[in-house]
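This is what each chain is made of:
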Amino acid sequence: MKMPLCIKVIQGFMLLQVIVLGGLYFVVAQADPMNLSHWASKMVFSAVTMPEDMLDQSYALGRMQGRFMLPLIITTLLFIFIQMRFFKSSIVIISLAILLDISNGTFLIAMVYVALLLVMTHNKQSKVYFNRSQNQVAQTVSK
């Protein structure tokens, strides 16, 4: 079966998020507290208030990389799992993304993931795309 429109929209959202997070991660990874004239250092240091001490600056850059890396990994895994039609793995990754966004305080993105979860579990076309017939759904619920 061809990929339904709802799944294409979901994957488009995931691709956009991977591009944005990947770009931000790349810029932060290129920033160097030793070379303040570097283009990435100028961008990061102008956008974020950095401490004066160089060790604290390195620590802050590392924390920023970590804050971009985990959502980037989760979103990439979700994109791959949807493409490969792994339904249960996709549900687990969406749940992790919801928990991560709630813990970071980005409730708007968490609500987008909740909507994504509802579309994947209750939309008839997505059930057909993930090869879930009504018998499989009924057996999963009854166990």
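Preceding block: the structure.
Computed from a predicted model, the values in this text were never measured in an experiment.

A. Region of the structure containing the overall build of the protein. The number of helices and strands found in the protein is seven helices and zero strands. Overall, the protein shows an N-to-C arrangement of helices and strands of α-α-α-α-α-α-α. Over its C-alpha atoms the protein spans a radius of gyration of 19 Å, topping by over 25% the 15 Å that the globule rule assigns to 143 residues. Considered along the principal axes of its C-alpha atoms, the protein spans approximately 60 × 30 × 20 Å. Counting over 143 residues, the protein shows a buried share of 34%. Intrachain contacts of the protein at a sequence separation of at least 6 include 58% that bridge at least 24 residues. Accessible surface, the protein: about 9,100 Å² in total, of which carbon and sulfur atoms supply 68%. Between the mean site of the 11 positive side-chain charges and the mean site of the 5 negative ones, the protein shows a separation of 35 Å.

B. Representation of a nonpolar patch on the surface within the structure. On the surface, Leu16, Val20 and Leu24 cluster together to form a nonpolar patch covering roughly 260 Å² of accessible area. Note on placement: Leu16 falls in helix α1 (residues 5-30). Classification of Leu16 by relative accessible area gives exposed; the value is 53%.

C. Here's a closer look at the packing of aromatic side chains. Under the defined criterion, the tally for this structure stands at five aromatic pairs. Pairing Phe13 with Tyr113 gives two aromatic rings, centres 6.2 Å apart and planes at 70°, and the pair type is edge-to-face. Taken as a pair, Phe13 in helix α1 and Tyr113 in helix α5 (residues 107-122) lie far apart in primary sequence, 100 residues in all. Between the aromatic rings of Phe81 and Phe86, the centroid separation amounts to 6.0 Å while the plane-to-plane angle is 50°, which identifies the pairing as tilted.

D. Region of the structure containing helix α4 (residues 87-104). Relative to the 26 Å expected for 18 residues at 1.5 Å per residue, α4 spans 26 Å between its end C-alpha atoms, a close match to the ideal helical length. Listing the buried residues of α4 in full gives Phe87, Ser90, Ile91, Ile93, Ile94, Ala97, Ile98, Leu100 and Asp101. Looking at the buried side of α4, the elements it contacts are α3 (54-83) and α5. One or two steps after α4, the chain reaches Gly105, where phi turns positive at roughly 90°.

Basis of the calculations
Residues numbered from 1 in each chain as written. Predicted model: local features only at pLDDT ≥ 70, side-chain atom pairs only at ≥ 80, totals over all residues. Heavy atoms only, no water. Helix = DSSP H or I, 4+ residues; strand = E, 2+ residues; numbered from the N terminus. Rg over C-alpha atoms; globule rule 2.2 N^0.38 Å. Buried < 20%, exposed > 50% of the residue type's maximum accessible area, 1.4 Å probe, protein only. Contact = heavy atoms within 4.5 Å. Areas by Shrake-Rupley, 256 points an atom, 1.4 Å probe, with all protein chains shown as cover. Lys, Arg positive; Asp, Glu negative; His and termini not counted. Charge placed at Lys NZ, Arg CZ, Asp CG, Glu CD. Patch = residues over 30% accessible without salt bridge, like charges linked within 9 Å, V, L, I, M, F, W, Y side chains within 5 Å. Salt bridge = Lys/Arg side-chain N within 4 Å of Asp/Glu carboxyl O. Phe/Tyr/Trp six-rings, centres within 6.5 Å; stacked < 30°, edge-to-face > 60°. Expected span 1.5 Å × (residues − 1).

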